[in-house]
Structure formats: structure tokens, C-alpha cells
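# An overview of the molecular structure
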Amino acid sequence: MTHRLSAFSHFALVLGFAFGLVLGLVTSQSAWADDAGVSVRLFEVESGVNDLAQTADGFLWVAMADGLKRFDGRQFIQFGNAEVHDLLTTRAGRLIIAGSGTPGLQALQAGTRFVVPHESAVQAPVWAVDEAPSGALWVATKNGLVLWDGNASLAIAGPTPWPRVRAVVAGKEQDAWLATDAGLVHAQHSRAEIVWSA
């Protein structure tokens, strides 16, 4: 799950942006201001929006069915065309990108894109990711859940087959909650189980 925008100054931009993105590729733009002078832009897009994240440099990143887009307040720049499911801004300043492309998990830091990690345990598609208090990543893939600390991964035993994961929320270091198509899953100490069925 991503860290949400916290600056109120971006509220109007995000509200207008998110509303426009639901409509479906940028084809037109209109702008207006309310009586208080708050400016809002409406963007029309053709594919669905899966997630939003903002990096420390102020860019708004958009996870979409047709790839990753970066918005600087005026224009969108496309990064690839594989579906991006989830975005995470880490405490270390990285933008983690979880998606269907190869590799399924990538990161951006200081404008450089790199693969995270180089292991077979994290395979595409990656559906969701969240950061544990230690900085380790909970990574939900088509094959299950992995806790990756930057050097090694721990595969989490769970339901067979693993249901489609919609969101991950990290708790304590060895603890995470997952929203799945089968219900709510709790992962702890290398095991996961459905605690509430959908």
C-alpha cells in the first residue's frame, strides 16, 4: 500500500487529477477555478488507474493498466507499457513499482531505475507491496507472499493456491495483512492464513 499524499497544498490537484483519470490516456484537458481561487484540472484517460504515489521531488506517479506515468503538474511522461499494479514511496526515498512486466518489481531513486531484487522468489506479476518498519518489503506475487530485506527473501507459506492480492499493509516486522479475492489474510512468522473469508 502506498504512502498517501500528506500536503494539503496538493489536495486540489490530486482530487481533480484522480477524478479525470477515472474517465480513461490523456486526450483533453480543461481548467477552471472556484470562487476561492482553487485551480483544478480535469484530465481524461483511456485506461484504469491502479494507484498513485508522490515522490519527494514533487512528481506524482500514476500506476495504470498501460504502464507508469509521471505528472509534473503540467504534462504526463510515459514509462513503459506493462501494467503497474501498486506503487510505494519508501522511507529511504525510493519509488517501488510493482507490476506485470519483467521484472515484476523495480525501483526508482534519483532518476535511476533498477531491478529489486534479482531473485526468482519475486516473479511477475507483483500485485502489491508495502514496507515493514525495518525497511524490508512485503511483496505479494502470483506465487505467494515474500518478505525481502534487500539481500535475501523469506517465502511465506499460505493458502494454496494463493488468491489474487489487492493490497498489503505491513504491521510489525514479521506481520502483514493482505486484502485478497478470498478474504483477509494475516501473515506472521513465515506463515499466512485466511482469517476472514469473502
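Below is a summary of the structure that appears in this document. (Residues numbered from 1 in each chain as written. Predicted model: local features only at pLDDT ≥ 70, side-chain atom pairs only at ≥ 80, totals over all residues. Heavy atoms only, no water.)

### What to know about the nonpolar core
Nonpolar side chains in soluble globular proteins tend to end up buried together. Counting 18 residues, the largest nonpolar core has Trp-138, Ala-140, Leu-145, Val-165, Val-168, Leu-178 and Ala-187 as the members making the most contacts within it. Within the residue set of this core, elements represented by two or more residues are strand S11 (126–131), strand S12 (137–141), strand S13 (144–148), strand S15 (165–170), strand S16 (175–180) and strand S17 (183–188). Among the elements that line this core, the one with the most residues is S15, at 3 residues. In this structure, Ile-96, Ala-107, Val-126 and Val-129 belong to the second largest nonpolar core, which totals 11 residues. (Core = buried A, V, L, I, M, F, W, Y, C linked by side-chain atoms within 4.5 Å. Buried < 20%, exposed > 50% of the residue type's maximum accessible area, 1.4 Å probe, protein only. Helix = DSSP H or I, 4+ residues; strand = E, 2+ residues; numbered from the N terminus.)

### Considering the packing of aromatic side chains
Both the distance between ring centres and the angle between the ring planes are used here to describe each pair of aromatic rings. Scanning all chains against the criterion turns up 3 aromatic pairs. Taken together, a centroid distance of 6.4 Å and an interplanar angle of 75° make the contact between Phe-59 and Trp-61 edge-to-face. When its relative accessible area of 21% is taken as the criterion, Phe-59 is described as partly exposed. Taking 5.4 Å as the distance between ring centres and 50° as the angle between the ring planes, the aromatic pair formed by Trp-61 and Phe-79 counts as tilted. Remark: Phe-79 occurs in strand S6 (residues 76–79) and Trp-61 occurs in strand S4 (residues 60–64); sequence separation between them is 18 residues. With relative accessibility at 5%, the residue Trp-61 sits in the buried group. The ring of Phe-59 has Arg-70 lying over it, and the distance from NZ or CZ to the ring centre is 4.1 Å. (Phe/Tyr/Trp six-rings, centres within 6.5 Å; stacked < 30°, edge-to-face > 60°. Lys NZ or Arg CZ within 6 Å of the ring centre and 35° of its normal.)

### Details of the environment of Val-165
Along the chain, Val-165 turns up in strand S15. Overall, Val-165 belongs to the buried group, its relative accessible area being 1%. Sequence separation between Val-165 and Leu-184 is 19 residues; the distance between their C-alpha atoms is 9.6 Å. When near neighbours in sequence (up to four residues on either side) are disregarded, Val-165 contacts Trp-127, Ala-128, Ala-140, Leu-178, Ala-179 and Thr-180. (Contact = heavy atoms within 4.5 Å.)

### Thoughts on the side chain of Asp-130
Along the chain, the position of Asp-130 falls in strand S11. Salt bridges are absent for the buried Asp-130, whose nearest opposite-charge side chain, Arg-91, sits at 6.9 Å. For Asp-130, the side chain forms a polar contact with the main-chain nitrogen of Ala-170, separated by 2.7 Å. (Lys, Arg positive; Asp, Glu negative; His and termini not counted. Salt bridge = Lys/Arg side-chain N within 4 Å of Asp/Glu carboxyl O. Polar contact = N/O pair within 3.5 Å; in protein donor to acceptor, adjacent residues only side chain to side chain.)

### What to know about the sheet that holds S15
As summarised here, the arrangement of the 4 strands in space is S15-S16-S17-S18, forming an open sheet in which the pairing is antiparallel. In the strand order of this sheet, the two ends are held by S15 and strand S18 (191–197), each with one partner. Mean inter-strand twist for the sheet, computed between neighbouring axes without regard to direction, equals 20°. Alignment of S16 against S17, held across 6 bridges, turns out to be antiparallel. Opposite Ala-179, over in S17, you have Leu-184 as the bridge partner. (Pairing = 2+ DSSP bridges. Axes fitted to C-alpha atoms, helices over the stretch in contact; angles between N-to-C directions.)

### Focus on the side chain of Asp-51
Of note, Asp-51 is situated in strand S3 (residues 49–54). Of the polar contacts made by the side chain of Asp-51, one reaches the backbone nitrogen of Leu-87; its length is 3.0 Å.

### So, a nonpolar patch on the surface
Taken together, Val-169, Trp-177, Leu-184, Val-195 and Trp-196 make up a surface patch of nonpolar side chains, about 460 Å² in accessible area. If you trace the backbone, Trp-177 turns up in strand S16. According to the relative accessible area criterion, Trp-177 is partly exposed, its value standing at 35%. (Patch = residues over 30% accessible without salt bridge, like charges linked within 9 Å, V, L, I, M, F, W, Y side chains within 5 Å. Areas by Shrake-Rupley, 256 points an atom, 1.4 Å probe, with all protein chains shown as cover.)

### Considering the sheet that holds strand S14 (residues 153–156)
Two modes of strand pairing occur in sheets, parallel and antiparallel, and in both the strands are linked by backbone hydrogen bonds. Spatial ordering of the open sheet is given by S11-S12-S13-S14, a layout of 4 strands whose pairing is antiparallel. Single-partner strands in this sheet number two, and they are S11 and S14. With strand direction ignored, the average angle separating the axes of adjacent strands in the sheet is 20°. Sheet topology note: the S13/S14 ladder contains 4 bridges and is antiparallel. Residue pairing in the sheet places Val-146 in a bridge with Ala-155 of S14.

So, to be careful, I would describe these as geometric facts and stop short of saying anything about function.
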